[in-house]
Amino acid sequence: MTSVAVQTKGRAVAGEPVPAASPSLFQRAGGLVGVLAVLLLYLLTRVAQLVAIDWLAPPGAPSVRDHLLEWDAGWFIRVATEGYAEGYSYQDGQMVGNGLAFFPLYPLLIRAGAATGLSPQTAALVVAWLAGAAAAVLLHLLGTSLYSRRVGLMLVVLACAQPMSVVLAMGYSEGLFLALVAGMLLAAHRRVWPAAGVLGLAAALTRPTGAAAAVALTVAALATLRRASRAERAWALTASAVALAGVPAYLLWVALRVGDWDAWFTIQTAGWGSSFDFGSSVARFVVDSLRGSGDWVPLSIVWILAAAVVAAAVAVAQRVWVPLTVYGLLALVLVLGQAGYYHSKPRLLVPVLLILIPAAVALGRARTRTAVLVLAGYSAFGLWYGAHMVAVWPYTI
């Protein structure tokens, strides 16, 4: 049984999960030539964005490399080099954030890179760029497995040129997380459960949104129970349990280290104003921006969030593979339902993935010339937007 995209009333619908023994997905995705093409697309988008950052930066601004190591990158590097704090941190009597807010896998990889002789800063960028490249290849394979090689290619371009894809080149964990989630979903769709469990656990130890990925893996595992062998059912349920344990395990470790059961949440709120308020803060931001001074950055974020919601609704209507839909919807709810810096919202959308599927499917069915023109315009805006937010916008992303 192979995974195909079937046509239902003119809509592309992803096929059922397929056994690992089905015809080679690697060959369906174009083989080595296909992988090299995807890596070239990834490299072109990253280099174009670096050129845009350099072009947009005002005279006397930090170097492009320094821009790539700003804000959260400093926190990840500090955790990698100094370890985690023993408890809460205070400044002038006020509680402030510390490194315990950041999940451990990316700092561990930075530390491993630094052990080879690289500086921690260089290691952070090398890990981020390699993870971004892996994400591009895995997204191509996932799109091919769900639909077709052409849709896989469209998905890669949409992901690598989306408005805040600049973080794929920065010392941030989004690229690593995207690679792990794409790999987990691909493994689940191909029913390679040991790999899915390991990748799901790794995702859960990279970002708190890994909880959404673990739930999606659980949905994929439960969907196989009726038609799977006893051995496969055991593997699927074990993979689900392993992934589900990741986020609670880290939160529990922080709680025990600090001596307070909700320590991680307290640190997040103290340092970044992050708390789940069911979207009330985002709603106020949207209303204030639409009625406010007309500053284009807040307005652009409003429209990016609106586009994400519409795209998610379209994906649901198109009946995208259920585990991917579950992951995407939960991840989107976490972005929209959480209070915090509004200018970080587009970055948090980068690994949501579901919101890119409808456009990837539509472009995969479009004429080549139409797809190229649309992607060129989309990429020009997306790469410029991310470069502007790093080089010109003065606040954290």
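Residues numbered from 1 in each chain as written. Predicted model: local features only at pLDDT ≥ 70, side-chain atom pairs only at ≥ 80, totals over all residues. Heavy atoms only, no water.

1. Quick look at the overall build of the protein chain
In terms of regular secondary structure, the protein chain is built from 18 helices and six strands. When the backbone C-alpha atoms are referred to their principal axes, the protein chain occupies close to 65 × 50 × 50 Å. Expressed as a percentage of the 397 residues in the protein chain, the buried residues total 53%. At a minimum sequence separation of 6, the contacts of the protein chain that also span at least 24 residues come to 77%. A total of about 16,900 Å² of accessible surface is found on the protein chain, and carbon and sulfur atoms cover 68% of it. When the 25 basic and 15 acidic side-chain charges of the protein chain are each reduced to a single mean position, those positions are 21 Å apart. (Helix = DSSP H or I, 4+ residues; strand = E, 2+ residues; numbered from the N terminus. Buried < 20%, exposed > 50% of the residue type's maximum accessible area, 1.4 Å probe, protein only. Contact = heavy atoms within 4.5 Å. Areas by Shrake-Rupley, 256 points an atom, 1.4 Å probe, with all protein chains shown as cover. Lys, Arg positive; Asp, Glu negative; His and termini not counted. Charge placed at Lys NZ, Arg CZ, Asp CG, Glu CD.)

2. Some words on helix H2 (residues 31-56)
Note: α-helices contain 3.6 residues per turn, so residues at a spacing of three or four share the same orientation. For H2, which comprises 26 residues, the first-to-last C-alpha distance of 38 Å matches the rise-based estimate of 38 Å (1.5 Å per residue) to within 8%. By the burial criterion, the buried members of H2 are Gly 31, Gly 34, Val 35, Val 38, Tyr 42, Thr 45, Arg 46, Gln 49, Ala 52, Ile 53 and Leu 56. Buried residues along H2 sit against helix H1 (25-28), helix H3 (64-68), helix H6 (120-146), helix H7 (149-160) and helix H18 (368-391). (Expected span 1.5 Å × (residues − 1).)

3. Some details on helix H12 (residues 263-272)
Looking at H12, one finds that the buried residues are Ala 263, Trp 264, Ile 267, Gln 268 and Trp 272. Viewed end-on, H12 has its buried residues packed into an arc of 135 degrees, placing them on one side of the element. Residues of H12 that are buried in the fold lie against helix H4 (72-82) and helix H11 (230-258). (Arc of directions from axis to C-beta.)

4. Structural notes on the packing of aromatic side chains
Taken as a whole and judged by the stated rule, the model has 19 aromatic pairs. Arranged with centres 5.4 Å apart and planes meeting at 85 degrees, the rings of Phe 102 and Trp 272 form a pair that is edge-to-face. Of the two residues, Phe 102 sits in the loop between strand E4 (94-96) and helix H5 (105-115) while Trp 272 sits in helix H12, which places them 170 residues apart along the sequence. Of the two residues, Phe 102 and Trp 272, neither departs from the other in class, the shared state being buried. Ring plane angle 45 degrees and centroid distance 5.6 Å describe the contact between Phe 381 and Tyr 385, whose orientation is recorded as tilted. One end of the pair, Phe 381, and the other, Tyr 385, are both in helix H18, four residues apart, so they sit about a helical turn from each other. Under the relative-accessibility criterion, Phe 381 is labelled partly exposed at 43%. Geometry around Trp 75 places Arg 78 over its ring, the cationic atom sitting 4.8 Å from the centre. (Phe/Tyr/Trp six-rings, centres within 6.5 Å; stacked < 30°, edge-to-face > 60°. Lys NZ or Arg CZ within 6 Å of the ring centre and 35° of its normal.)

5. Some remarks on the confidence of the model for the protein chain
The share of residues in the protein chain with pLDDT of 70 or more is 94%, and the mean pLDDT across the chain is 93. This model gives residues 1-13 a pLDDT under 50, and the stretch forms 41 contacts once residues within four places in sequence are excluded. (pLDDT = per-residue confidence, 0-100.)

6. Here's the deal with the nonpolar core
Membership of the largest hydrophobic core comes to 128 residues, with the highest contact counts inside it found for Trp 193, Leu 324, Tyr 327 and Leu 349. Take this core: its biggest share by element is 14 residues, from H6. Here Leu 349 is in contact with Gln 162, Ile 304, Leu 305, Ala 308, Leu 332, Val 335 and Ile 355, once residues within four sequence places are set aside. (Core = buried A, V, L, I, M, F, W, Y, C linked by side-chain atoms within 4.5 Å.)

7. Regarding the pattern of salt bridges
This model, assessed by the stated rule, comprises five salt bridges. The partner of Arg 347 in a salt bridge is Asp 72, with the nearest N and O atoms 3.8 Å apart. Placement of the pair is Arg 347 in helix H16 (residues 345-348) and Asp 72 in helix H4, with a sequence separation of 275 residues. Taken individually, Arg 347 and Asp 72 each receive the classification buried, so the pair is uniform in this respect. Close ionic contact of Arg 347 with Glu 174 constitutes a salt bridge, the shortest N to O distance being 2.6 Å. Here the residue Arg 347 occupies a position in helix H16, and Glu 174 occupies one in helix H8 (residues 174-189), the gap between them amounting to 173 residues. For Arg 347, a relative accessible area of 6% gives the class buried. Each of Asp 72, Glu 174, Arg 207 and Arg 347 takes part in salt bridges that share partners, so that together they form one network. (Salt bridge = Lys/Arg side-chain N within 4 Å of Asp/Glu carboxyl O.)

8. Focus on a nonpolar patch on the surface
A cluster of nonpolar residues, Phe 26, Leu 32, Leu 36 and Leu 39, forms a patch on the protein surface that exposes about 360 Å² of accessible area. For the nonpolar patch, the leading source of residues is H2, giving three residues. Given a relative accessible area of 30%, Leu 39 falls into the partly exposed group. (Patch = residues over 30% accessible without salt bridge, like charges linked within 9 Å, V, L, I, M, F, W, Y side chains within 5 Å.)

9. Observations concerning unusual backbone geometry
Although it is not a glycine, Phe 278 sits at a positive phi angle of roughly 60 degrees. With a relative accessible area of 72%, Phe 278 lands in the exposed category. In the Ramachandran plot, Arg 319 falls in the positive-phi region, its phi being about 55 degrees despite a non-glycine side chain. The topology assignment puts Arg 319 in the loop between helix H14 (296-317) and helix H15 (322-336). Arg 319 sits in the partly exposed class, given a relative accessible area of 44%.

10. Quick look at the environment of Phe 276
Position of Phe 276 relative to the elements: it lies in strand E5 (residues 275-276). Given a relative accessible area of 39%, Phe 276 falls into the partly exposed group. Sequence spacing of Phe 276 and Gly 337 is 61 residues, and the spatial spacing of their C-alpha atoms is 5.7 Å.

11. What about the environment of Leu 146?
You can see Leu 146 is positioned in helix H6. Residue Leu 146 is classed as buried on the basis of its relative accessible area of 1%.

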